[in-house]
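The chain contents come next:
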Amino acid sequence: MKMGKKVTIGVCVMEKKAFSGPMLQILERLQAFGEFEIVHFGDKVILEEPIERWPVCDCLIAFYSSGYPLEKAEAYAALRKPFLVNELGQQHLLHDRREVYERLEMFGIPVPRYALVNREFPNQELDYFVEEEDFIEVHGNKFWKPFVEKPVHGDDHGIMIYYPSSAGGGMKELFRKVGNRSSEFHQEVRRVRREGSYIYEEFMPTGGTDVKVYTVGPEYAHAEARKSPVVDGVVMRNLDGKEVRYPVLLTPMEKEISREICIAFQQAVCGFDLLRSEGRSYVCDVNGWSFVKNSYKYYDDAACVLRKMFLDAKAPHLSSTIPPILPWKVNEPVQPSEGLTRQGSGIIGTFGQSEELRCVIAIIRHGDRTPKQKVKLKVTEEKLLNLMLKYNGGKPRAETKLKSAVQLQDLLDATRILVPRIRPGRESDSEAEDIEHAEKLRQVKAVLEEGGHFSGIYRKVQLKPLKWVKVAKSNGEGEDEKPVEALMILKYGGVLTHAGRNQAEELGRYFRNNMYPGEGTGLLRLHSTYRHDLKIYSSDEGRVQMSAAAFAKGLLDLEGQLTPILVSLVSKDSSMLDGLENASSEMEEAKARLNEIITSGIKSVNSNPEKPWMVDGAGVHPNASELLPELVKLTKKVTEQVRLLAKDESEELAEASSTGVILPYDQAKALGKTNIDVDRIAAGLPCGSEGFLLMFARWRKLQRDLYNERKERFDITQIPDVYDSCKYDLLHNAHLNLEGLDELFKVAQLLADGVIPNEYGINPKQKLKIGSKIARRLLGKILIDLRNTREEAISVAELKSAQDINPSVPIGGREEIDQRFKSQSKMELAGKGSFTSEKSMDQEDDEDKETKYRLDPKYANVKTPERHVRTRLYFTSESHIHSLMNVLRYCNLDESLQGEDSLVCDSALERLCKTKELDYMSQIVLRLFENTEVALEDPKRFRIEMTFSRGADLSPLEGNDSEAASFHQEHTLPIMGPERLQEVGSCLTLEMMEKMIRQFAMPAEDFPPPSIPQGFSGYFSKSAAVLERLVNLWPFNKH
C-alpha cells in the first residue's frame, strides 16, 4: 500500500442499518481521524449489481439483516479478499439457535441446561417427548416448570415461559418490543406448542435484569442491563422515551466469555445476552453485529478500537496510538476537571519507568448531609400500640421497626388523628408535659409528611414496649399480656444533600483523572478494556449508598439518575462498613474521661512537646470549660430566632390547612437533583426539605440537651451535634441571616475539634484499641485485596519470564506452564464455586493431547496480558475513617511491635494531629505499585503509597472573600486534595504493611466465601490450551 493513500472502508449492509444512528456516529468518528475513506455500497448495488461491479475496498463491514444476500457478499469477499470485521460464513450459524448453542458448548462457554425437540412436520408425535402437568421430559431429561420454550429459528422471537401450577400456572409470551410492551401473560395456556421444533431450557432466576453485552473485538466489551421483559412486560422508558438501561461491570469470568464469543463466531462486533443467576453467568443468545444506542463514550471507544483493527490489518506502518485529544473533540469546550477538588501534596505525578500501578483501595466518607435527628417520646395511645402489635407479629414484648412506605403511611395516618388541631393556651404545669407530648407528635407528623413520598432509606421508627397489663383471653381461658406504654424513637435526617451528590461525583471525576498514572483519560479506556477490575462497597445508610453511586457516576462518566447506578454497581456490606461493633464500652469510657478533662478546666501538661499527639485529650482547647457557657448562650440566641420563624410558619399553615392548600415538598424529585432549589431560597425558606417547624425542633432539642438548667450540667456529647447544625445552617441557610450563627460556629468548632477525635480514644493506645475493634473487618478485607493483587501480579510475571527465557520452547517444555496454570485456574474455579462442570474438566485434558492447537511463538504474547488494575472502593461513615486512620498511624504502639516506626511519618502525624476533623468526602487511599525491575522475591517489588484527604474544606465558611461567596451561592464546599502520609522517597513494602496490621485485622479464613465466582482474573480462567486453540482460529492474524 502506498504511503499517504487512505484506507478504504466498504459499508456493505442494507441502507436501513448503514444509516442508523450508532453506525453514522461511529463512521463519522472514523472519518475524523483522516486516515480512512468510507464507501457506502447502497441497497441498489447490493441487490442488483453483480459482485464484479461492486466497489473495491481494503476493509469490509458486512453483516446480515432481513433481505440481505449473504451468499452474494461471501462471493464478493472471496473475490476481493478485503479485511473482514465480521467473517461472513459464520453468520449463517446465527440464524439457528441450535447451532449457536452447539458452538457455545464447543468453546466451553456456559449455557443454560437445555434439550432439543426436532419435528419434521407440525404436530409430529415423538416417542422421546413427554408432557405432564408440571414438567416435560425430553430423552429422559426432566424440565420442571418454570421452563423456557424457544423456536429453533433465530429470527423467530416468540419465546414462551411456562409456570408451575403451584404458582397458578399459565404462560408468558415474550416478543420484540411493541410500544411499551415486551411480554404478555396468558393465564389459561398450560400445554406447550407442537407445531414446530423448539429448544427447552430451565428458567434462570436473574433478579429481574437482563445483561446485554456488546463487543468490539475480543479485548473490548460494553455491558448494560435492562429490566427483563419477564418482570412485568412494561418497558421502562426515560423522559426521552428511550428504554432505560443500567451500566454494568462485567466480572473477570464474563470478560473471558466475551472474548471467546468474538472468537468462536469470528464476529468482532457482536452482541449477546447474559443471564446472571445465583452467582454464575450463562449465555442465552448471540445476535451478531450490534451497536450500543445513545452512548457517546461507547461511540468514541468503538471508533478507536475499529481504527486500530483497520490500521493493523491494512496499514501497519501507520501508528495506531490514540491521539491525546480525539479529533472530533478538538473544538469542544474543555470541562474544568478540578472544579471542587484542590491539589494536595499527595499525588506524585512521576513514577519510575519500571513501576506499574496494580491496585487502588480507597476508603471514603459520605458527602454533605442534613443533620441527623432523633425524637423520643413515650406513647400510651391505643392506636400506636396496636400499630406496634400489627407489625411485630402480635408479640406484646417485641419491639418493632417501621421502615417501609406502607408502615410509615400507617403511622402517619395514626398520628394525624392524634395531633390536636389547635394549640392549647398554657394553663398549668401539669399540662406542660401534655403540651410537650403534643409538640413531639406534631414533629413526628411533620417528619413523616416531609417529602411527599416515603423512602425507608431516610426515616425509621422504632417502637419498644415499656409497660404491660394482663387481660383475659377472648375465649376466657387464662390471660394474655397487652402493652400499655411504649417508647417511640423516630430517626430522620442525615440525607445526602445536593451538595453531597456534587462533591461525590466531583471526587469520582478527580479520581478518574489523577489516580491512574499514564492512562491519559485514564480510567475509562482502561475500564472498558478488560484490564480494570472494579468493585464498590457501601454501608447500609442511604447517604453512604447515594455517595457511592454519585462517585461511580463521576468515576465512570455515566449518565442519568443515581438509583439505577446504585442498583447495578454498589454492593452493600454493612457488617464491614456500618456500626461500632463491640467498641461501645471503650467509647463510653473515653467520653467519660473526656468529660472530666473538659469540664474540670485542668490545663493538660504536655509531657512530650516533640509529639503533641501522645498526651491524653490531645486537641482539647485549653479554655474549654470557659467556652461551654458561651456555647450555651449563643445556642439560645439562635434557637430563639428560629422559634419566631417557626411560629409565623405554623400560623400560616393553620390558615392554609383551613383553606386546604399545602404544597408538599417532593423529596423524590429532590433526591435526583444536584442543584439548589432556588425558588425555596428566594422565598426565604430553609434549604432542602426542612420547614421552619422542623428546623426549630432541631435547635430546641440541641438547646435542651446541651445544658440541663435544673442540674446545672453540660452534656459534652452534644457538642458535635451543635457544630454539625451550625455548619449545615451556615452553608445551606446563610440566606436566613441568623444573628450570632457565625460566632456560635467558631466556638462550637473550637470545642468539637477537641471532642470528636477523642471520642474514638482519649490517647493513642486507646485510639488503637477502639479503632482495631471498629475497623477489624475492613482491615481484613484490605489485606485480602492487597494479597490477591500480589498473587495475580506474580503469576503474570512468572509466566512472562518463563516465556522470555525461551520463546521457542518446544511443545514439551511448555506443558508445565500449561499444567501449572491449569491447576491454578482449576483451583481458583473449584474454590470459588464456578461453573466448570466435571465434563468440561475432562474435555480440557483431552484437548491437551491434540498438539495441532499449539501456539505459534510469534503470537505468544497472548499469554502476557497487559497490566491489570484492581480498584476497591469502600464508602462508609466518620467512625470507620477515624478508626482506620488510628490503626494506620498508631499500630506500632502495640506491645508486639515495639521498636517499629509508625506507618505514618512524623511530619504527617503532626499534620493529622492538627487536622481535627475528617469531614465529608474525607478519604484514605492506598495504592500498590509493582517494580518490575526488582527480583520477584525482593520485598521492594511491591510498594504501598498511602495518602489521605480531610475532605470538605471549611475555609469558605470561615472567610469572607469572593471565593467564599461563590461557594455560598452553590452551598457546596470544595474538597481538599490528598496529602502524603509517608516521606518522599521512602518505601513502605507490602510485607511491612502486612506485618504491622495483620493482628488488628480479621483473618482471611473468617470471611464468608464470595458469592460470585471470580475466576482467575480475566485471562487464565481457561487453561492455556484453550487460548492457543483460539489464537489459531482468530482471523485477524492471517491477513
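Residues numbered from 1 in each chain as written. Predicted model: local features only at pLDDT ≥ 70, side-chain atom pairs only at ≥ 80, totals over all residues. Heavy atoms only, no water.

**Q** Sorry if this is basic, but what is going on with the overall build of the chain here?
**A** Counting its secondary structure elements, the chain contains 33 helices and 32 strands. Here the chain holds 1039 residues, and the buried ones make up 54% of them. Put simply, of all contacts in the chain between residues at least 6 apart along the chain, 74% involve residues at least 24 apart. (Helix = DSSP H or I, 4+ residues; strand = E, 2+ residues; numbered from the N terminus. Buried < 20%, exposed > 50% of the residue type's maximum accessible area, 1.4 Å probe, protein only. Contact = heavy atoms within 4.5 Å.)

**Q** Explanation requested: the sheet that holds strand E1 (residues 7-11) in the structure shown.
**A** Backbone-to-backbone hydrogen bonds pair the strands of a sheet. The strands run either parallel or antiparallel. On the basis of which strands lie adjacent, the open sheet formed by four strands has the order E2-E1-E3-E4 and parallel pairing. Each edge of the open sheet carries a strand with a single partner, namely strand E2 (36-40) and strand E4 (83-84). As defined by bridge partners, strand E3 (residues 59-61) adjoins E4 across two bridges and the pair is classed as parallel. Within E4, the position partnered with Cys59 by the bridge is Phe83. (Pairing = 2+ DSSP bridges.)

**Q** Whenever I open this one, the side chain of Gln766 confuses me. Can you help?
**A** Within the fold, Gln766 resides in helix H24 (residues 764-774). Owing to a relative accessible area of 13%, Gln766 belongs among the buried residues under this scheme. There is a polar contact of 2.8 Å between the side chain of Gln766 and the backbone nitrogen of Ile762. Leave out the neighbours within four places in its chain, and Gln766 touches Glu586, Glu589, Ala590, Tyr760 and Gly761. (Polar contact = N/O pair within 3.5 Å; in protein donor to acceptor, adjacent residues only side chain to side chain.)

**Q** What am I meant to see in the pairing of strand E7 (residues 135-138) here?
**A** One face of the sheet, then the other: side chains in a regular strand alternate in exactly this way. One ladder, built from three bridges, connects strand E6 (residues 129-131) with E7; its direction is antiparallel. Bridging across to E7, Phe129 finds its partner in Val138. From the end of E6 to the start of E7, which pair antiparallel, there are three residues.

**Q** Please clarify how the packing of helix H2 (residues 21-32) against helix H8 (residues 296-314) should be interpreted in this entry.
**A** The geometry of a pair of packed helices is captured by two quantities: the angle between their axes and the separation between those axes. In the contact formed by H2 and H8, the axes pass within 9 Å of each other and the chain directions differ by 55°. By the angle between their axes, H2 is oblique relative to H8. Helix-helix and strand crossings are classified by hand; for H2 and H8 the assignment is right-handed. Where H2 approaches H8, its residues Pro22, Gln25, Ile26, Arg29 and Leu30 are matched on the opposing element by Tyr296, Tyr298, Tyr299, Asp300, Ala302, Ala303, Leu306, Arg307 and Phe310. The class makeup of the residues in the contact of H2 with H8 is 10 nonpolar, one polar and three charged. (Axes fitted to C-alpha atoms, helices over the stretch in contact; angles between N-to-C directions. Parallel < 35°, antiparallel > 145°, perpendicular 65-115°, else oblique. Left-handed = near helix turned anticlockwise from the far one by under 90°. Nonpolar A, V, L, I, M, F, W, Y, C, P; charged D, E, K, R; others polar.)

**Q** Mind showing me how you'd approach the sheet that holds strand E11 (residues 171-178) here?
**A** Pairing in this open sheet of six strands is antiparallel, and the strands run E5-E13-E9-E10-E11-E12 from one edge to the other. The open sheet terminates on both sides in strands that have one partner only, identified here as strand E5 (114-117) and strand E12 (181-186). Across the sheet, the mean angle separating the axes of adjacent strands is 25° when strand polarity is ignored. Pairing of E5 with strand E13 (residues 198-202) involves four bridges; the strand directions are antiparallel.

**Q** Whenever I open this one, a positive patch on the surface confuses me. Can you help?
**A** Taken together, the side chains of Lys372, Lys374, Lys376, Lys401, Lys403, Lys460 and Lys491 make up a positively charged region of the molecular surface. Here the positive patch gets three residues from one element, more than from any other, and that element is strand E20 (residues 372-379). Summarising the element assignment, Lys491 is placed in strand E23 (residues 479-493). (Patch = residues over 30% accessible without salt bridge, like charges linked within 9 Å, V, L, I, M, F, W, Y side chains within 5 Å. Areas by Shrake-Rupley, 256 points an atom, 1.4 Å probe, with all protein chains shown as cover. Salt bridge = Lys/Arg side-chain N within 4 Å of Asp/Glu carboxyl O. Lys, Arg positive; Asp, Glu negative; His and termini not counted. Charge placed at Lys NZ, Arg CZ, Asp CG, Glu CD.)

**Q** How should unusual backbone geometry be read in this particular structure?
**A** Backbone geometry follows two general trends: most residues other than glycine have a negative phi, and most peptide bonds adopt the trans configuration. Between Lys145 and Pro146 the backbone carries a cis peptide bond, its omega angle lying at 0°. Note that Pro146 resides in the loop between strand E8 (141-144) and strand E9 (147-151). Even without glycine at this site, Gln266 takes up a positive phi of about 50°. Structurally, Gln266 can be placed in the loop between helix H7 (252-265) and strand E17 (269-277).

**Q** I would appreciate a short explanation of helix H21 (residues 692-706) in the present structure.
**A** Because each turn of an α-helix spans 3.6 residues, side chains separated by three or four positions end up pointing in the same direction. For H21, spanning 15 residues, the distance from its first C-alpha to its last is 21 Å, which sits close to the expected 21 Å at 1.5 Å a residue. For H21, the complete set of buried residues consists of Phe692, Leu694, Met695, Phe696, Ala697, Arg698, Trp699, Arg700, Leu702 and Leu706. (Expected span 1.5 Å × (residues − 1).)

**Q** Explanation requested: the nonpolar core in the structure shown.
**A** Soluble, globular proteins show a tendency: their nonpolar side chains are buried together. Leu903, Met946, Met993 and Ile997 are the most contacted members of the largest nonpolar core, which totals 48 residues. Every element with two or more residues in this core is listed here: strand E19 (355-365), helix H16 (574-577), helix H25 (776-805), helix H28 (878-890), helix H29 (906-914), strand E29 (923-931), strand E30 (942-949) and helix H32 (990-997). Beyond its immediate sequence surroundings of up to four residues, Met993 is in contact with Leu888, Leu903, Leu926, Ile944, Met946 and Leu988. Core analysis: the second largest hydrophobic core is formed by 42 residues, Val638, Cys726, Leu744 and Ala748 among them. (Core = buried A, V, L, I, M, F, W, Y, C linked by side-chain atoms within 4.5 Å.)

**Q** When you look at the confidence of the model for the chain in this model, what are you seeing that I'm missing?
**A** The predicted structure's coordinates, where accompanied by low pLDDT, should not be read in detail. Averaged over the chain, the pLDDT score is 79; the fraction of residues at 70 or greater is 78%. Segment residues 808-866 is flagged for pLDDT under 50; beyond a separation of four residues in sequence, or across chains, it makes 88 contacts in the model. (pLDDT = per-residue confidence, 0-100.)

**Q** Teacher, can you tell me more about the environment of Gln443 here?
**A** You can see Gln443 is positioned in helix H11 (residues 429-449). For Gln443 and Leu693, which are 250 residues apart along the polypeptide, the C-alpha to C-alpha distance reads 7.6 Å. The contact partners of Gln443, leaving out residues within four places of it in the chain, are Val375, Tyr492, Leu694, Ala697 and Arg700.

**Q** Would you mind going over the pattern of salt bridges with me for this structure?
**A** Side chains bearing opposite charge may pair, as long as their charged atoms lie close to each other. Taken as a whole, this structure holds 55 salt bridges when the rule is applied. Between Glu184 and Arg181 there is a salt bridge whose closest N-O contact spans 3.8 Å. A relative accessible area of 33% places Glu184 in the partly exposed class. Where Arg543 meets Glu541, a salt bridge forms, and the shortest distance between an N and an O atom there is 3.6 Å. For Glu541, a relative accessible area of 25% puts it in the partly exposed group. Ionic contacts of the salt-bridge type, sharing partners, join the residues Glu356, Arg358, Glu930 and Arg941 into one network.

**Q** What exactly am I supposed to notice about helix H10 (residues 405-418) here?
**A** The terminal C-alpha atoms of H10 lie 20 Å apart, and with 14 residues this matches the ideal 20 Å at 1.5 Å per residue to within 8%. Among the residues making up H10, those that are buried are Gln407, Leu408, Leu411, Leu412, Ala414 and Thr415. End-on, the buried residues of H10 take up no more than an arc of 165°, which puts them together on one face. Among the exposed residues of H10, those pointing more than 90 degrees away from its buried face are Val406 and Ile417. (Arc of directions from axis to C-beta.)

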